[in-house]
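# Analysis of the macromolecular model
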Amino acid sequence: MPEVIFSGPAGRLEGRYHPAKKRRAPIALILHPHPQFGGTMNNQIVYNLYYAFLNRGFSVLRFNFRGVGRSQGSFDHGSGELSDAASALDWAQALNPDARACWIAGVSFGAWIGMQLLMRRPEVEGFISVAPPANRFDFSFLAPCPSSGLFVHGDQDRVAPMKDVQTLIEKLKTQRGIVIDQSIIPGANHFFENRVDELLVEVNAYLDKRLGPTGEPLTESDESAA
């Protein structure tokens with residue numbers, strides 16, 4: 001797994017990047033949990049999301065936000081981290097100018113950052129939002145949400161209670177032109193302790209539905225036959 005260093009707004013950013021084997025392959029960017037609460041690109045869920053996309057033929061990048069690991073800078077309460085994520089996507093796109101699409105996946109704080117980036121980048125056609133902290137951060141910018149995607153959360157989450165996430169999802173489901181999927185993991189807390197396997201089953205099932213096992217987007221005839 002190649003280690004990479006690329007330029008961010010506050011200095012160098014440290015990441016892990018794996019290029020796809022095929023030309024025009026889509027890009028996936030994976031964003032980690034809160035930097036001030038132990039979040040890094042080596043978080044177990046981030047690591048597994050990275051490979052979920054890699055195994056479908058994506059070019060995949062995960063990285064440490066500013067001030068984490070070998071990434072330069074210091075925590076900036078979301079604004080700087082959003083700029084970091086935009087720089088990461090720019091870097092991946094520069095390496096893959098023929099990429100046909102992009103997906104964003106984020107965990108907790110990373111889900112909040114990812115959804116903000118989604119609003120700014122029309123080329124993003126799908127997202128995975130794991131344990132979005134809808135009670136702690138403002139998601140009202142999703143008006144409207146421009147892409148279809150999946151929300152996954154645990155019914156025992158005390159950090160981001162399910163009722164707050166549910167309110168966000170129900171609001172998004174009223175929007176036309178997109179499809180919002182939701183998976184609730186029984187017994188899972190905010191960190192999906194002892195429930196990561198169940199989380200990955202839901203994520204992989206969703207990616208198979210949207211992309212097919214090989215990562216190629218399904219056609220209407222494929223979906224009707226499924």
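Along every chain, residues carry numbers that run from 1 in the direction the sequence is written. Local features in this predicted model are restricted to residues whose pLDDT is 70 or higher, and side-chain atom pairs enter the listing and the counts only when it is 80 or higher, whereas totals over whole chains, interfaces and linings include all residues. Water and hydrogen atoms were dropped before computing side-chain values, which therefore reflect all heavy atoms in the structure.

## Thoughts on the overall build of the protein
Assigned secondary structure in the protein consists of six helices and eight strands. Along the protein, helices and strands appear, N-terminal first, in the series β-β-β-α-β-α-β-α-β-β-α-β-α-α. Computed over its C-alpha atoms, the radius of gyration of the protein comes to 16 Å, within 12% of the 17 Å expected for a compact globule of 226 residues. Its C-alpha atoms put the protein at 45 × 40 × 35 Å along the principal axes. Burial status follows relative accessibility: with a 1.4 Å probe on protein chains alone, a residue under 20% of its type maximum counts as buried, one over 50% as exposed, and anything between as partly exposed. Burial analysis of the protein (226 residues in total) assigns 52% to the buried set. Contact between two residues is taken to exist if any of their heavy atoms lie within 4.5 Å; hydrogens are not considered. Counted over contacts in the protein with a minimum sequence separation of 6, partners at least 24 positions apart contribute 68%. Note on areas: these come from Shrake-Rupley sampling with a 1.4 Å probe, and a residue is covered only by the protein chains present in the view. Counting only carbon and sulfur atoms, one obtains 49% of the accessible surface of the protein, whose full area is about 10,300 Å². Going along the chain from the N terminus, every DSSP run of H or I of four or more residues is numbered as a helix, and every run of E of two or more is numbered as a strand. Here the globule rule is a power law, 2.2 Å times the number of residues to the power 0.38, and the radius of gyration is based on C-alpha atoms.

## Comments concerning the confidence of the model for the protein
Averaged over all residues, the pLDDT of the protein is 94; the fraction at 70 or higher stands at 94%. What pLDDT expresses is the predictor's confidence in each residue, scored from 0 to 100. Here residues 218-226 is modelled with pLDDT under 50, and outside its nearest four sequence neighbours on either side it reaches seven contacts, counting other chains as well.

## Here's the deal with the pairing of strand E5 (residues 102-107)
Across the six residues that make up E5, a large majority, six, are buried. A two-sided burial pattern is seen for E5, the buried positions comprising Cys102, Ile104 and Gly106 on one face and Trp103, Ala105 and Val107 on the other. Examined bridge by bridge, strand E3 (residues 27-31) and E5 share five bridges and lie parallel to one another. Opposite isoleucine 27, over in E5, you have cysteine 102 as the bridge partner. Strand direction decides the pairing type here: E5 and strand E6 (residues 124-130), joined by six bridges, are parallel. Pairing of tryptophan 103 across the sheet is with glycine 126, part of E6. At this point the chain moves from E5, through helix H3 (residues 109-120), to the parallel E6, and the crossover so formed is right-handed. Strand pairing is assigned whenever DSSP detects at least two bridges linking the two strands. Handedness of a crossover is defined as follows: orient the strands so they point away from the viewer, and if the path from the first strand over the helix to the second runs clockwise, the crossover is right-handed.

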